[in-house]
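Residue-level listing of the chains:
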Amino acid sequence: MSEDIRDKHILDHTDVIALSFVSASTPYVFRRHFRQGLRSHVMEILDQNDVAIENKGTVSQGVRVFPTALPQSVFRIFRSRFNTLSDVWAEIERVKLVSNYLGPNFMAHSTEFIAEYGGPKGKDLLLCGFQDFIVGEAMDPWTVLDSKRFLPELFNTMHARMGKMPLSRDAWVAGAREKAIVFVDKIKSMILSTGHIPDLAGVGNLIITTKGHLCLVDINNISQVCFDPSISLDEKGYPVCDKSVEALSLIEEKIIGRKANMDEKIYKLFLDSQRMQSVKEKVAKFSRQVQS
């Protein structure tokens, strides 16, 4: 019996075109994105010609170079299983919830669709999505760099990698700080209004674009925010809500350059020192389980 695509650790082009709703003669190449989520397979959609140039190279000013093929889009295959169509719609509504607060500038736009999947146990519902590919640099909330160095260093990295930027460093840094204020306010509004927060904690879940927008790319991991002493864990055993609130405070510190206001309802509970110590212990336990 073949392995269910949702259970596979790694997918390649062959796995994707084996799906009944994907044409085997597609002019695109599906390649595993180097950042993978726990809740979905993430595949780059590449032009065949770009992949050929990446592999064979092209001559520029007498020198053969091998430019990396950039994705046209991103294809996500959700790992979740759904018992009913209503369960699928509930998952899609969670993604729409994020879009209502962060779209269009602060998240990767995504179009979800439901497909029939002929798995090893018979026909099943499979949730997939086409997501915009965001050009930029990963924003690591846990960086050791302070607020004075973080954005300038990030700009230098992007400039060196991309060759050009639309703004000068000082203008880009100032703009990124202003946009980060808007991003943080939108996340806080989402928490207080809906009781939900997206996963801000994972390295690579947030991208800073060439225009300075902080953009959420892991859009299908949304956790409930419960304002009570208990520490909630996701289905993997990770305290994603607490760590996302902590990451939010670090975004304020590292990008905006301001300390978290401990009088705010969100931070007063989730950044309590004893609670954070308990969260640290749960993260350590989760890491041991993953490594075992």
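Given the structure is predicted, the values throughout are model-derived calculations rather than measurements.

The rules we used
Residue positions are given per chain, counted from 1 along the sequence in the order it is written. Restriction of local features to residues with pLDDT of at least 70 applies here, the model being predicted, together with a cutoff of 80 or more for giving and counting side-chain atom pairs; totals for whole chains, interfaces and linings are based on all residues. Only hydrogens and water are removed before side-chain values are computed, so all heavy atoms of the structure are retained for them. Numbering of helices and strands starts at the N terminus; helices are DSSP runs of H or I of at least 4 residues and strands are runs of E of at least 2. The globule rule is 2.2 Å times the number of residues to the power 0.38, and the radius of gyration it is compared with is taken over C-alpha atoms. The rule is simple: take the accessible area with a 1.4 Å probe, protein chains only, and divide by the maximum for that residue type; under 20% is buried, over 50% is exposed, in between is partly exposed. The method behind every accessible area is Shrake-Rupley, applied with a 1.4 Å probe, and residues are considered shielded solely by the protein chains displayed. When charges are counted, neither His nor the chain ends are considered; positive counts come from Lys and Arg and negative counts from Asp and Glu. Charged side chains are reduced to one point each, which is NZ for Lys, CZ for Arg, CG for Asp and CD for Glu. We treat two strands as partners when DSSP finds at least two bridges between them. For helices, the fitted line uses only the C-alpha atoms of the stretch in contact; every axis is such a line through C-alpha atoms, and the angle between N-to-C directions lies from 0 to 180 degrees. Any pair of residues with heavy atoms lying within 4.5 Å of one another is described as a contacting pair. Distance and chemistry together define a polar contact, namely a pair of N or O atoms within 3.5 Å, with one atom able to donate a hydrogen and the other to accept it when in protein, and with adjacent residues in sequence counting only for side-chain atoms on both sides. Think of a nonpolar core as a cluster: buried Ala, Val, Leu, Ile, Met, Phe, Trp, Tyr and Cys residues, connected wherever their side-chain atoms sit within 4.5 Å. Here the term patch refers to residues with relative accessible area over 30% and no salt bridge, with like charges joined within 9 Å and nonpolar side chains (Val, Leu, Ile, Met, Phe, Trp, Tyr) within 5 Å. When a carboxyl oxygen of Asp or Glu is within 4 Å of a side-chain nitrogen of Lys or Arg, the pair counts as a salt bridge.

**Student:** Before we move on, could you go through the overall build of the protein chain and cite the residues and values that matter?
**Tutor:** In terms of regular secondary structure, the protein chain is built from eight helices and twelve strands. A compact globule built from 292 residues should have a C-alpha radius of gyration of about 19 Å, and the protein chain, at 21 Å, falls within 12% of that. Its C-alpha atoms put the protein chain at 60 × 55 × 40 Å along the principal axes. Taking all 292 residues of the protein chain together, 45% fall into the buried category. For the protein chain, the exposed surface amounts to about 15300 Å²; the carbon and sulfur share of it is 51%. Where the 37 positive side-chain charges of the protein chain centre and where its 36 negative ones centre are 3 Å apart.

**Student:** I'd love a proper account of unusual backbone geometry, names of residues and values included.
**Tutor:** A cis amide bond, omega -5°, links Gly-103 with the succeeding residue Pro-104. Position of Pro-104 among the secondary structure elements: in the loop between α3 (85–102) and β6 (110–119). Although it is not a glycine, Gln-61 sits at a positive phi angle of roughly 55°. Note on placement: Gln-61 falls in the loop between β3 (58–60) and β4 (63–65).

**Student:** Account for the sheet that holds strand β11 (residues 214–216), naming residues and giving values.
**Tutor:** An order of β8-β10-β11 is seen for the three strands of this open sheet, with the pairing classed as antiparallel. Edge strands, defined here as strands with exactly one partner in the open sheet, are β8 (136–138) and β11. On average, each strand axis in the sheet is inclined to that of its neighbour by 35°, with strand direction left out of account. On top of the sheet, helix α4 (residues 147–162) reaches β8 and β10 (206–209); it is set at about 130° to β8, its chief contact.

**Student:** So what's going on with the pairing of β10? Residues and values would help.
**Tutor:** The side-chain alternation of β10 yields two buried faces, one formed by Leu-206 and Ile-208 and the other by Ile-207 and Thr-209. Bridging between β10 and β11 involves three bridges; their strand directions are antiparallel. Bridged to Leu-206 within β11 is Leu-216.

**Student:** Please give an account of the side chain of Glu-252 that cites residues and values.
**Tutor:** With respect to the helices and strands, the residue Glu-252 is situated in helix α6 (residues 240–256). Setting aside anything within four residues of it in sequence, one finds Glu-252 in contact with Val-184, Lys-188, Gly-257, Arg-258 and Tyr-267.

**Student:** Tell me about the side chain of Ser-110, and please be specific about residues and values.
**Tutor:** Mapped onto the fold, Ser-110 is located in strand β6. For Ser-110, a relative accessible area of 12% translates into the label buried. One polar contact links Ser-110 to Glu-112, side chain to side chain, over a distance of 2.3 Å. Non-local contacts of Ser-110, meaning those with residues more than four positions away in its chain, are made with Gly-129, Phe-130, Gln-131 and Ile-219.

**Student:** Describe the nonpolar core, and please don't skip the residues or the numbers.
**Tutor:** Core analysis: the largest hydrophobic core is formed by 42 residues, its most contacted members being Leu-151, Trp-172, Phe-183, Leu-200 and Ile-255. For this core, the elements supplying multiple residues, two or more each, are α3, α4, α5 (169–194), β10, β11, α6 and α7 (265–270). A total of nine residues in this core trace back to one element, the largest contributor, which is α5. Counting residues in hydrophobic clusters, the runner-up holds 13 residues, among them Val-22, Phe-30, Met-43 and Ile-45.

**Student:** An account of a nonpolar patch on the surface is requested, with residue identities and associated values reported.
**Tutor:** Nonpolar side chains collect at one region of the surface, where Leu-85, Trp-89 and Ile-114 lie side by side and expose about 270 Å² of accessible area between them. Topologically, Leu-85 is positioned in helix α3.

**Student:** Report on the sheet that holds strand β7 (residues 122–131), specifying residues and quantitative values.
**Tutor:** Picture the strands of a sheet paired through backbone hydrogen bonds; they go either parallel or antiparallel. Taking strand neighbours across the sheet as the criterion, the five strands line up as β1-β2-β5-β7-β6 in an open arrangement whose pairing is antiparallel. With one partner strand each, in any of the chains shown, β1 (28–32) and β6 form the two edges of the open sheet. Across this sheet, the average inter-strand angle for adjacent strands is 30°, counted without regard to direction. Summarising the sheet, β6 and β7 pair through ten bridges and their orientation is antiparallel. Bridging across to β7, Glu-116 finds its partner in Leu-125. Sheet strands in contact with α3 are β5 (73–78), β6 and β7, and its direction is about 155° off that of β6.

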